[in-house]
Structures are given as structure tokens and as C-alpha cells.
Amino acid sequence: MDIDFVRKQFPAFQEPSLQGQAFFENAGGSYPCGAVIDRLFRFYSRHKVQPYAPYAASRQAGAEMDEARSRLAAMLGVADRDVSFGPSTTQNTYVLAQAFRQFLKPGESIVVTNQDHEANSGPWRRLSDSGIEVREWTVDPATGHLDPAALESLLDESVRLVCFPHCSNVVGEINPVTEITALAHAAGAFVCVDGVSYAPHGLPNVGGLGPDIYLFSAYKTYGPHQGIMVINPSLAELLPNQGHVFNGGDLSKRFTPAGPDHAQVAACAGMVDYFEALADHHGADRMRGAEMGHFVHDLMRQREIGLLQPLLDAVKDRNDLRLLGPSTAEDRAPTVALALGRPAEPVAAQLAELGIMAGGGDFYAGRALSAMGIDPAEGVLRLSFTHYTSEDEVAKLIEALDRVV
Ligand SMILES: Cc1ncc(COP(=O)(O)O)c(C=O)c1O
């Protein structure tokens, strides 16, 4: 990967006030790419009007929103109507949980994990208020690993939905979505996957992976602050409409009762501009849609794996900290949480003085931390990067860590 080319696509790397600051809180939110910022600016300056009316500015606004949906859908390997934009993944799971609340019957069951971020956990667990049985698929306390065999023992004919993360935002291990989905489907359950922590490292081919619902947040995939969800149309049609009564026939509006942020939806096309530019620059200029998505996914993953292993090697055998999740880069995202046995936030503050931007806390994954014997109040130091991080920044991080830990 041509890292100079990559970094030129992100204005943050040219921003004087950010010079000398290595960014390691990407799991919280990535830098937006220039193409997204340009599209947002263009929308706000040229056609920030109600879209889909017959005048030119409005038609253009609507066309840019539609463009974002279709180009993203193509990359994700699904149909346009399968993609919905909502304010955030938290909001999207909340709305979906309300739909399932109406759809499920008392006595039916769902499975949630204690590896998830609260966004894909709490709203589902609250279905117990309506008589739904909530079963917990729990992590191995030593490793944070979610074992598919343990899911099997929770599945029976009463289970209608299984919710789990593609990758936890503190454990980092990549869960085998296709295998888990097959287990759930064989038991007659639907599947909802939180892809928020995985998607920044390469948008997956959701159609190929196979879950019924796949969620991610564009502000972590180089885009604007939007949640994106893919819902299989056969499930979307079964679930009761959560939008305005007259919007129920439009699957892309059925689970987004909030009016869309038109400019941000339109700006999501900038993410695809960026991914295409990456593909073009690396010799894949004939590829578009899912094929291009696959190429860029692998390009990013390969780069990140190469950057990540030295960091894992530097922390995995230390006895003054505990690395959560796998110590092999292939098996995880570059979202590296370290339990220090003391509050993590002050350590993040020390890192800031050394030019490292990182965070300390529970990252809304308190259930996963508690399950692993870590006090959420102490939290973990989390170091997260993406393909645009440089070798020098990782080396600087390793050196800074040595000084503060
Ligand atoms: C794994 C994971 N899931 C869900 C969310 C919630 O996403 P949003 O901020 O879009 O609600 C986050 C946010 O950090 C996350 O890391």
C-alpha cells in the first residue's frame, strides 16, 4: 500500500494543529477522508434543500443521496433497498429492538453476548420486559473468546434472534460470522451482527457473509456521523414498520423513524470515492462494486496485519499489563486493549503528552471487561489504528508505551 498516497486523501494528516500527534483512537472514530468532506461541503453550499422535489437543486440533492446508497450497496454485495441510514448504530439497534418487541411472542428467546458494545446488547436485553427470554452467550473469562460451540448449546426452537459482534471493540478478535450465522439459521433464528469495530478495517461483503442484519457506523469508516444497516428484505418485510405509516412500503425508511440527515447520507458516497481511488491507485482500476470492495478490504487488512504484529509482540509477554484478545494479528482487528491493573485514563493522558492520541475507559463494553475480571471503572488503555497509520507512528507508540507503563 502506498501510504503517502493514502495519507494525502485525509486532510487531518496535513492539518498543522495535528502534526506530531499520532492518532490511536480510531476505534472511537476515524479521520474522515477528503472526498467525504468535499461532498458534505458541496451539498451544504449548493443543494441544501429538501430533496426529491422537481426543482434542479432538490433533484441533485436526492440524486446524491441515492448515489450513496447504491454505491455502498454494490460494495457490500447487497441490493440498494437493503441499505438504510440512521443517526447511529445505537439508534439503529434501538429501533430494531422495538420492531422485534412487536414481532416476538412472550416465551420466545433471543441470544445476546457479553462481548458486545452496549449498543448491540442493552436494547435487546430489555426485551425481557415484554416476556422474551434473553440467553447470554458468554466469553471465555481468560481470553475474551466467544466459542461457537457454546452458542450451540443455547440454541433451540424457541430462539428467534442471535446478536453478536463481528469483532468486539475491546477484545478485537474477529468472530466467524458465516459459521455462527449458519448455526443460528439451522436453529431457525435470525442473526444481527454489529460490524462497527470490523468495518473500518475493510468493508465486508455482507451479502456473502450472510447475516440477516449487519450494522456499522460511517464515522468510523472514514465517513460522516451516520449509522448504516443492511437488513435482509425478507426479514425487513416481516418486522413491523417503525417509520411513518406511509413509509412502511419503502424498506430503506421502515426502520429509520428519524428524518435522515440528507447531507450526511449524500456524503457517504465519498467513502466509496475513497475506496475506488485506493483501488485505482493500486492497479485495480477496472474493479468496481463488490469486487473492488474485496480488493480494498484485503489491501487494508494486509497492511494492518503487518503494522499490528510488532505492537502485539511488544505487549504480549509483559507482566505489567494484560493484552485482551489474540496476540496474532491475523486473528484480530488493530484495536488493542490493555488492562493495566490501575485506572487507564491517566495513562492515556501521559501518552497524550508524548504525542500519542489514545483513550482509557470501558468503551461501553463494560460487560466484556467485567466478564474478563477487569473493573470497568479502571477500564483499559485502548490503542486502535487503521491502514492509514504509519510504521513510524507504531514505533513511536511502542516507545511511548514503554515509558508510561
Ligand atoms: C463495537 C461498537 N458497536 C456499536 C457502537 C455504537 O456506534 P454508534 O456510535 O454509531 O452508536 C460502537 C461505538 O463506539 C462500537 O464500538
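Details of the structure are given in the entry above.
Here is a short report on the structure shown in this document.

Rules of the game
Sequence order sets the numbering: in each chain, residues are counted from 1 along the sequence as written. Residue-level local features of this predicted model are given only where pLDDT is at least 70; pairs of side-chain atoms are given and counted only at 80 or more, and the full residue set underlies all totals for whole chains, interfaces and linings. Water and hydrogen atoms play no part in the side-chain values, which are based on all heavy atoms of the structure. Residue exposure (1.4 Å probe, protein chains only): buried if accessible area is under 20% of the type maximum, exposed if over 50%, otherwise partly exposed. Every helix listed is a DSSP run of H or I at least four residues long, and every strand listed is a run of E at least two residues long, numbered separately from the N terminus. Strand pairing is assigned whenever DSSP identifies at least 2 bridges connecting the two strands. Axes here refer to lines fitted to C-alpha atoms; in helices the fit is confined to the stretch in contact. Angles between the N-to-C directions go from 0 to 180 degrees. Here is the rule: rings of Phe, Tyr and Trp (six-membered ring for Trp) pair when centre to centre is within 6.5 Å. Planes less than 30 degrees apart are stacked, more than 60 are edge-to-face, and the remainder are tilted. We call a charge positioned over a ring when the NZ of a Lys or the CZ of an Arg lies within 6 Å of the ring centre and within 35 degrees of the ring normal. Whether two residues touch is decided by their heavy atoms; if any such pair falls within 4.5 Å, the residues are in contact. Any Lys or Arg side-chain nitrogen found within 4 Å of a carboxyl oxygen on Asp or Glu counts as a salt bridge. Any residue with a heavy atom positioned within 4 Å of a molecule or strand is treated as near that molecule or strand. The definition of a polar contact used here is a pair of N or O atoms within 3.5 Å, where within protein one atom must be able to donate a hydrogen and the other to accept one, and adjacent residues in sequence count solely through side-chain atom pairs. Accessible surface area values rest on a Shrake-Rupley calculation with a 1.4 Å probe, where residue burial reflects the displayed protein chains alone. As a working rule, the residues Ala, Val, Leu, Ile, Met, Phe, Trp, Tyr, Cys and Pro are called nonpolar, Asp, Glu, Lys and Arg charged, and the rest polar, with Gly in that last group.

With 5 of its 5 residues buried, strand 7 (residues 213–217) lies for the most part within the structure. Residues Ile213, Leu215 and Ser217 line one face of strand 7 and the alternating positions Tyr214 and Phe216 line the opposite face, and both faces are buried. In terms of strand pairing, strand 6 (residues 190–194) meets strand 7 through 3 bridges, oriented parallel. The residue of strand 7 that forms the bridge with Val193 is Tyr214. Relative to strand 8 (residues 227–231), strand 7 is paired through 5 bridges, and the arrangement is antiparallel.

In space, the 7 strands of this open sheet follow the order 2-8-7-6-5-3-4, with mixed pairing throughout. Since the sheet does not close on itself, it has two edges, and those belong to strand 2 (83–86) and strand 4 (133–137), each with one partner. Averaged over neighbouring strand pairs, the angle between their axes works out to 20° when direction is ignored. Taken together, the 5 bridges between strand 3 (residues 109–113) and strand 4 define a ladder with parallel strand orientation. Across the sheet, the residue bridging to Ser109 is Glu133, located in strand 4.

Looking now at the packing of aromatic side chains. Evaluated as defined, the whole model comprises 17 aromatic pairs. Here Phe23 and Tyr31 contribute two aromatic rings whose centre-to-centre distance is 4.5 Å and whose plane-to-plane angle is 25°, an arrangement assigned as stacked. In this pair, the class of Phe23 matches that of Tyr31, namely buried. Pairwise contacts between aromatic rings join Phe10, Phe13, Phe23, Tyr31, Tyr222, Tyr274, Phe275 and Tyr388 into one cluster. Between the NZ or CZ atom of Arg7 and the centre of the ring of Phe13, over which it lies, the distance is 3.9 Å.

Along the chain, Val6 turns up in helix 1 (residues 3–8). When the C-alpha positions of Val6 and Val78 are compared, they lie 27 Å apart, and in sequence the two are 72 residues distant. Residues contacting Val6, with those up to four places away along its chain left out, are Met1, Tyr274, Leu278, His387 and Tyr388.

Our focus in this paragraph is the pattern of salt bridges. The tally for this structure, following the rule as stated, stands at 22 salt bridges. Across the salt bridge formed by Asp82 and Arg81, the nearest N and O atoms sit 4.0 Å from each other. A residue is classified by how much of its surface remains accessible, and Arg81, at 46% relative accessible area, is partly exposed. Taking the shortest distance from any N to any O, the salt bridge between Arg288 and Asp280 comes out at 3.1 Å. By relative accessible area, which is 33% here, Asp280 ends up partly exposed. Among the charged side chains, a network of salt bridges with common partners joins Arg39, Glu67, Arg71, Asp273, Glu276, Asp280 and Arg288.

Moving on, we get to the site of the ligand. All residues in the neighbourhood of the ligand are listed as Ser88, Thr89, Thr90, His117, Ala119, Asn169, Asp194, Val196, Ser197, Ser217, Tyr219 and Lys220. At a separation of 2.5 Å, a nitrogen atom of the ligand approaches a polar side-chain atom of Asp194. Contact between the ligand and Ser217: an oxygen atom at 2.7 Å from a side-chain N or O atom of the residue. For the ligand, whose free accessible area comes to 390 Å², the fraction covered by protein is 90%. Classifying every residue of the shell around the ligand gives 3 nonpolar, 7 polar and 2 charged.

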